[in-house]
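Chain by chain, the residues:
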Amino acid sequence: MAIREEKMPRTHHSEHGSSRRKRRRVVADDYLASLHPWAQKLNVRRMGGITLAEILSGKTCSPISLPDFELYLVYREVSIEQLQFIVWFNDYRQRVGNPGMIRNASISSISSAANSLHSKRPAWSIPVVSDAIPISPLPPLSKVDSTFNDVELRKECMHVISTFLVPGSPKELLLEADLRERLIKGLETSCHPDLFLPVYKEVYFSLENDTLPRFLAYSLPNINLPKQVLWYITGILFFITSVAIAALMIAFIPPPRLNRAWRLFSVPIFHMGVTAIYASFQGFCSQVFARDAVQLHTWELRQVDEEAEAYVGRVRSAMREVPMGLVFNSADGSYSGEVKAISGAPPRREQGAVALVRPPMFGPERVVQDPHVLRAHRQIMNGILSVGFVSDILFSAIIFSIPGRST
């Protein structure tokens, strides 16, 4: 799986500007529909009402649900550690707010909080700490008691430091050095959750202002890259054909043997070409739209393959004890005392990383459930029809205004 790095866009928030200039990693061969920055901005505008808090609280459905956002962070942005830290912080703050839960907690709460993303319970109601949402009151840092110096809490906080904050760790968060140092220094005297609050707000800001717009922009295309290329080629061929037909009628058939209205035969072909090109520009297919569906992403196909591979592994592990059979003489039925395996043991396949493969052009689809996405798809479809209608009028006006060849 190839990874490329991109410079993060500058924002108008000066307090976060320095961290936004860091580089982000994206998967280079995920076969998402290629979107021009203009198309991305249009998609973000269509989904402007969606916030990170709504996704984390489970108020959105496929294809912009929290599991979809998690897979996007894993396979596209390669930054799942941001979401895991948010889940851990809210879990940690909730447990510290209830001291009776501290003794039952352990260092494994980090992994358990991250694994809760995969649970099927309505656990997407993750409390979000942001400037717009009030947080539960806790004793201020100046009045902390022994509760915030609990041994288990200190172990957990040290584990968080080694997991998310140590430079070079697999889940290192992109933070400024001074912010990291202030947190580590503060943990020397207390494990109060507010010590992690600046880091939380920084990570939350990054997800909501940098990652979320890209996730929403790429959630609206309903086709993959191979099908997008197909529609681009089809639209260009239709466009060239329509222009060629109109040019032949204008240049080689003189009036009045042929009325100019015959030139309109090229308009339907032109319409199909323009709409196909514009739909490809949006990463959109009207046929998939008619089914209220979207094509599966490569990482979703990979997830299906991994589930199938895990199932096969369980079946093979159950077949380790190969059944044995007695060997009899087929002629007289006599038994020689020989025992042989009925079937050979299945070959064991070594586990390894499964690379993202090129998805089929007309690959599997899933139904769109989120009403925001359905409404945005209708807006895209209306835009395609409007572009086609306006282009037809302009093209008709052009071919009508050109005089034919004189006799």
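See the structure printed just above.
Each value, and the rule that gives it
- Residues numbered from 1 in each chain as written.
- Predicted model: local features only at pLDDT ≥ 70, side-chain atom pairs only at ≥ 80, totals over all residues.
- Heavy atoms only, no water.
- Helix = DSSP H or I, 4+ residues; strand = E, 2+ residues; numbered from the N terminus.
- Buried < 20%, exposed > 50% of the residue type's maximum accessible area, 1.4 Å probe, protein only.
- Contact = heavy atoms within 4.5 Å.
- Areas by Shrake-Rupley, 256 points an atom, 1.4 Å probe, with all protein chains shown as cover.
- Core = buried A, V, L, I, M, F, W, Y, C linked by side-chain atoms within 4.5 Å.
- 1 Å grid on protein atoms, 1.4 Å probe; cavity = no way out; pocket = protein on both sides within 12 Å on 5 of 7 lines; lining within 4 Å.
- Points joined across faces, edges and corners; volume = space filled by probe spheres on them.
- Salt bridge = Lys/Arg side-chain N within 4 Å of Asp/Glu carboxyl O.
- Phe/Tyr/Trp six-rings, centres within 6.5 Å; stacked < 30°, edge-to-face > 60°.
- Lys NZ or Arg CZ within 6 Å of the ring centre and 35° of its normal.

Asks: How do you make sense of the overall build of the protein chain when you look at a structure like this?
Replies: Helices and strands together make up the secondary structure of the protein chain, namely 14 helices and 6 strands. By the burial criterion, 42% of the 407 residues in the protein chain qualify as buried. The contacts of the protein chain with a sequence gap of at least 6 include a subset with a gap of at least 24, amounting to 79%. On the protein chain, roughly 22,200 Å² of surface is accessible, and the fraction owed to carbon and sulfur atoms is 60%.

Asks: I would appreciate a short explanation of the nonpolar core in the present structure.
Replies: The tendency in soluble globular proteins is for nonpolar side chains to be buried side by side. Core analysis: the largest hydrophobic core is formed by 60 residues, its most contacted members being F85 and F196. Where this core is concerned, the elements lending two or more residues are α3 (52-56), α4 (66-77), α5 (80-97), α7 (151-165), α8 (177-186), α9 (197-217) and α14 (371-401). Take this core: its biggest share by element is 9 residues, from α9. Look past the residues within four positions of F85 in its chain and what remains in contact with it is V160, F164, L173, F196, V199, Y200 and V203. With 7 residues, the next largest nonpolar core counts A246, I250, V267 and I399 among its residues.

Asks: Help me understand empty space enclosed by the protein in this model?
Replies: A water-sized probe, rolled over the atoms, reveals where empty space remains. One pass over the structure, following the stated rule, counts 5 cavities of 30 Å³ or more. Computed from the structure, the largest cavity encloses a volume of approximately 100 Å³. Lining the largest cavity, in full, are L32, P63, D68, L71, Y72, F215, Y218, S219, H297, W299, E300 and R366. Only α4 and α13 (298-318) provide two or more residues apiece to the lining of the largest cavity. In terms of residue count, α4 provides more of the lining of the largest cavity than any other element does, 3 residues in total.

Asks: Help me understand the pattern of salt bridges, please; the structure alone is not making it clear to me.
Replies: It is possible for side chains bearing opposite charge to pair when their charged atoms get close. The full count for this structure, using the stated rule, is 9 salt bridges. Salt-bridge contacts for D194 lead to R93; the nearest nitrogen and oxygen are separated by 2.9 Å. Linking D194 in the loop between α8 and α9 with R93 in helix α5, this pair joins segments that are 101 residues apart in sequence. Among the residues examined, R93 registers a relative accessible area of 6% and is labelled buried. Among the salt bridges present, the one from D178 reaches R182, with a minimum N-O distance of 3.7 Å. Of the two residues, D178 and R182 both sit in helix α8, 4 residues apart, roughly one turn of that helix.

Asks: I tried to follow the packing of aromatic side chains on my own but got confused; where do I start?
Replies: Tallied over the full model, the rule gives 14 aromatic pairs. Geometrically, the ring pair formed by F85 and F164 is edge-to-face, given 5.6 Å between the ring centres and 75° between the ring planes. Remark: F164 occurs in helix α7 and F85 occurs in helix α5; sequence separation between them is 79 residues. Each member of the pair, F85 as well as F164, carries the same accessibility label: buried. Linked through ring pairs, F85, W88, Y92, F164 and F196 together constitute an aromatic cluster. Taking the ring centre of Y218 as reference, the NZ or CZ of R76 above it sits at 5.1 Å.

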